[in-house]
Amino acid sequence: MDFDSSQLNRKIAIQSRTVTKDAYGQQSTSWTTISTPFACIRPLSGNELVVAQAVNAEVQVEFRIRYRSSVLAANRIVYAGKYYDIKSVLDESMAHVWLRILCTEGLTLG
């Protein structure tokens with residue numbers, strides 16, 4: 001699929017999680033920014049899920065960036081003060097040119 005690079009008009013942060021233990025064995029999670037590429041952002045859907053009689057809104061978003069081998073599903077994206085949990089990273093046509101990153105707006109903290 002051809003993609004116009006002029007659509008890469010939003011700066012995002014891709015973060016990696018680090019889990020450490022202190023002297024007492026307590027785990028601590030921190031996030032480190034590993035790259036800040038420009039991206040194209042496209043909302044995919046807004047599903048309302050009924051779970052245990054509670055309604056939760058799930059927002060699915062696609063980020064498209066230039067290819068980077070360091071992007072993994074274990075990472076997260078930060079954009080406009082919101083956190084997005086990466087669900088899949090797709091190297092379209094396996095050409096190492098573009099990545100489609102499918103995310104859900106998440107509550108990942110810390």
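Residues numbered from 1 in each chain as written. Predicted model: local features only at pLDDT ≥ 70, side-chain atom pairs only at ≥ 80, totals over all residues. Heavy atoms only, no water.

(A) Geometry of unusual backbone geometry. At Met94, a position not held by glycine, the phi torsion is positive, near 50°. Of note, Met94 is situated in the loop between β7 (82–91) and β8 (98–105). Even without being a glycine, His96 presents a positive backbone phi close to 55°. Since its relative accessible area comes to 47%, His96 is described here as partly exposed. (Helix = DSSP H or I, 4+ residues; strand = E, 2+ residues; numbered from the N terminus. Buried < 20%, exposed > 50% of the residue type's maximum accessible area, 1.4 Å probe, protein only.)

(B) How the structure looks around the pairing of strand β2 (residues 13–21). Direction of pairing for β2 relative to strand β6 (residues 76–79): antiparallel, over a ladder of 3 bridges. Residue Ile14 lies in a different strand from β6, and its bridge partner there is Ile77. Here 8 bridges tie β2 to strand β3 (residues 27–35), and the two strands are oriented antiparallel to one another. Bridge pairing in β3 links Gln15 to Thr33. The turn joining β2 and β3, which pair antiparallel and follow one another in sequence, is formed by 5 residues; a positive phi near 85° is taken by Gly25. (Pairing = 2+ DSSP bridges.)

(C) Structural detail: the nonpolar core. Counting 13 residues, the largest nonpolar core has Ile12, Phe63, Ile65, Val71, Ile77, Ile101 and Cys103 as the members making the most contacts within it. Counting residues per element, the ones that place at least two in this core are β5 (54–66), β7 and β8. Ignoring anything within four residues of it in the chain, the contact list for Ile12 reads Ser35, Thr36, Pro37, Ala39, Ile41, Phe63, Ile65, Ile77, Val78 and Tyr79. (Core = buried A, V, L, I, M, F, W, Y, C linked by side-chain atoms within 4.5 Å. Contact = heavy atoms within 4.5 Å.)

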